[in-house]
Amino acid sequence: MPTGELRSTPLPTANHNSSSSSEDDAWVWAQIKAEARRDAESEPALASYLYSTILSHSSLERSLSFHLGNKLCSSTLLSTLLYDLFLNAFTSDPSLRSAAVADLRAARERDPACLSYSHCLLNYKGFLACQAQRVAHRLWQQSRQPLALALHSRIADVFAVDIHPAARIGKGVLFDHATGVVVGETAVIGNNVSILHHVTLGGTGKVGRDRHPKIGDGVLIGAGATILGNVKIGEGAKIGAGSVVLIDVPPRTTAVGNPARLVGGKEKPSKHEDVPGESMDHTSFISEWSDYII
């Protein structure tokens, strides 16, 4: 199938209605299979791989479970065991499937390097780590902590992404590149959040219990940013690359630097109207920030 035919298919609008959501899920799966057929025809060396990971499966849940099982297996943690574990989770909890579809859409819409949904499904380790963590989180909630922690360890080993199984993650989340991301046990990540590589959502080392950041909906966190402690990053806020955040950040504001400070000042910080977690705008604040000098 020519590339143009795939791109000409209109993307359905995200909808919270259950029937519309099912239609969106079906549309994304159909698109993934069409992309896989196209790639298998254009690159015969990948035909067997694409057949075994995508084309031989009847649903996204089965394809994703198979792929994660093969990625995360070891000599003592068999791929068949993991496949059954993932498939049981995805089929018994529809919210896991809808979250996976929302994450696929997020990568396709926000990342210019994401060539297709199938590319994300097969190759984006941030996406794969997030889906596996959601299953580990489900196990954690079921008081199956040893298995959740074993899965957590494999995710960290294979994907270089360390997200505690107790951490809560919303939908439409993009872990872009994802290498070196660390998310602590009591952290919460909202919907439509974008997080780049080497970001830490950690504790301060001084307190226990609820000790990790709470990230609001639509937040953008730049590469190498560190957010420590039980602080709140408000809805639609932007954290600049390399920033170190130790206190709350108000909604719709931008925090940059080490230690981080608000663009526009603490008393009257500059506010933006867009949703940075979706727009992926990292630098628009610079034009209004007189301290930035080369």
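Because the structure is predicted, anything quoted here is derived from the model rather than measured. (Residues numbered from 1 in each chain as written. Predicted model: local features only at pLDDT ≥ 70, side-chain atom pairs only at ≥ 80, totals over all residues. Heavy atoms only, no water.)

Engineer: Can you help me understand the environment of Val-28 in this one?
Structural biologist: Here Val-28 lies in helix H2 (residues 18-42). Sequence separation of Val-28 and Leu-60 is 32 residues, and the distance between their C-alpha atoms is 8.8 Å. When near neighbours in sequence (up to four residues on either side) are disregarded, Val-28 contacts Val-101, Leu-104, Arg-105 and Tyr-117. (Helix = DSSP H or I, 4+ residues; strand = E, 2+ residues; numbered from the N terminus. Contact = heavy atoms within 4.5 Å.)

Engineer: Help me understand the sheet that holds strand E11 (residues 232-233), please; the structure alone is not making it clear to me.
Structural biologist: By definition, the strands of a sheet pair up through backbone hydrogen bonds, in either a parallel or an antiparallel sense. Spatial ordering of the open sheet is given by E2-E5-E8-E11, a layout of 4 strands whose pairing is parallel. Across the chains shown, the open sheet's two edge strands, defined by having one partner strand only, are strand E2 (168-169) and E11. The sheet contact formed by strand E5 (residues 188-189) and strand E8 (residues 214-215) spans 2 bridges and is parallel. For Ile-189, the partnering residue across the bridge sits in E8 and is Ile-215. (Pairing = 2+ DSSP bridges.)

Engineer: Looking at this structure, how should I read the sheet that holds strand E14 (residues 254-256)?
Structural biologist: Sheet architecture is open: 6 strands sit in the order E3-E6-E9-E12-E14-E15, paired in mixed fashion. Whereas interior strands pair on both sides, the edge strands pair on one side only; in this sheet they are strand E3 (174-175) and strand E15 (261-262). Both strand E12 (residues 238-239) and E14 contribute to a ladder of 2 bridges, which runs parallel. Looking at E14, one finds that Ile-239 is bridged to Ala-255.

Engineer: Just to check I follow, could you spell out the pattern of salt bridges for this structure?
Structural biologist: Close approach of charged atoms lets side chains of opposite charge pair. This model, assessed by the stated rule, comprises 10 salt bridges. The salt bridge involving Arg-97 is made with Asp-25; its shortest N-O contact spans 3.3 Å. Of the two residues, Arg-97 is situated in helix H6 (residues 94-110) and Asp-25 in helix H2; the sequence distance between them amounts to 72 residues. You can call Arg-97 partly exposed: its relative accessible area is 26%. When the shortest N-O distance is used, the salt bridge between Asp-93 and Arg-138 registers 3.8 Å. Of this pair, Asp-93 sits in the loop between helix H5 (79-92) and H6 while Arg-138 sits in helix H8 (residues 125-141), and the two are 45 residues apart along the sequence. Connected via shared salt-bridge partners are Asp-25, Glu-61 and Arg-97. (Salt bridge = Lys/Arg side-chain N within 4 Å of Asp/Glu carboxyl O. Buried < 20%, exposed > 50% of the residue type's maximum accessible area, 1.4 Å probe, protein only.)

Engineer: How should I be thinking about the side chain of Asp-176 in this particular structure?
Structural biologist: Position of Asp-176 relative to the elements: it lies in the loop between E3 and strand E4 (182-183). Notably, Asp-176 is buried but unbridged: the nearest opposite-charge side chain belongs to Arg-110, and the N-O separation is 9.2 Å. Setting aside its immediate chain neighbours within four residues, Asp-176 contacts Asp-111, Ile-195, Leu-196, His-197 and Met-280. (Lys, Arg positive; Asp, Glu negative; His and termini not counted.)

Engineer: Whenever I open this one, the packing of H5 against H8 confuses me. Can you help?
Structural biologist: The relative placement of two packed helices comes down to the angle between their axes together with the axis-to-axis distance. At a closest axis distance of 10 Å, the pairing of H5 and H8 adopts a crossing angle of 80 degrees. Between H5 and H8, the crossing angle belongs to the class labelled roughly perpendicular. Contact residues: H5 offers Leu-85, Phe-86, Asn-88, Ala-89, Phe-90 and Ser-92, while H8 offers Gln-131, Ala-132, Val-135, Arg-138 and Leu-139. Within the contact of H5 with H8, the residues separate by chemical class into 7 nonpolar, 3 polar and 1 charged. (Axes fitted to C-alpha atoms, helices over the stretch in contact; angles between N-to-C directions. Parallel < 35°, antiparallel > 145°, perpendicular 65-115°, else oblique. Nonpolar A, V, L, I, M, F, W, Y, C, P; charged D, E, K, R; others polar.)

Engineer: Which parts of the structure should I look at to understand the confidence of the model for the chain?
Structural biologist: Detailed reading of predicted coordinates is not advised where the pLDDT is low. Mean pLDDT over the chain: 91, with 90% of residues reaching 70 or higher. Low pLDDT, under 50, characterises residues 1-14; the stretch is placed with 26 contacts to residues that sit more than four places away or in other chains. (pLDDT = per-residue confidence, 0-100.)

Engineer: How should I be thinking about empty space enclosed by the protein in this particular structure?
Structural biologist: Using a probe with the size of a water molecule, rolled over the atoms, empty space left in the structure can be pinpointed. Tallied over the full model, the rule gives 1 cavity of 30 Å³ or more. In this model, the largest cavity occupies a volume close to 50 Å³. Lining the largest cavity we find Asp-103, Ala-107, Cys-120, Tyr-124, Gly-126, Phe-127, Cys-130, Gln-131, Val-173, Leu-174 and Phe-175. Elements with a contribution of two residues or more to the lining of the largest cavity: H6, H8 and E3. (1 Å grid on protein atoms, 1.4 Å probe; cavity = no way out; pocket = protein on both sides within 12 Å on 5 of 7 lines; lining within 4 Å. Points joined across faces, edges and corners; volume = space filled by probe spheres on them.)

Engineer: Help me understand H8, please; the structure alone is not making it clear to me.
Structural biologist: What sets the pattern is the α-helix's 3.6 residues per turn: residues three or four places apart point alike. Look at H8: 24 Å from first C-alpha to last across 17 residues, which is about the 24 Å you get at 1.5 Å a residue. Across the 17 residues that make up H8, a large majority, 14, are buried. Of the residues flanking the end of H8, it is Ser-143, one or two places downstream, whose phi is positive at about 65 degrees. (Expected span 1.5 Å × (residues − 1).)

Engineer: What exactly am I supposed to notice about the nonpolar core here?
Structural biologist: Proteins that are soluble and globular tend to have nonpolar side chains buried together. With 73 residues, the main nonpolar core has Leu-151, Phe-175, Ile-189 and Ile-221 as its most contacted residues. Per element, the largest residue contribution to this core is 8 residues, and it comes from H8. In this view, Phe-175 contacts Gly-126, Cys-130, Ile-163, Ile-169, Val-181, Ile-189 and Ile-195; residues no more than four positions away in its chain are not counted. (Core = buried A, V, L, I, M, F, W, Y, C linked by side-chain atoms within 4.5 Å.)

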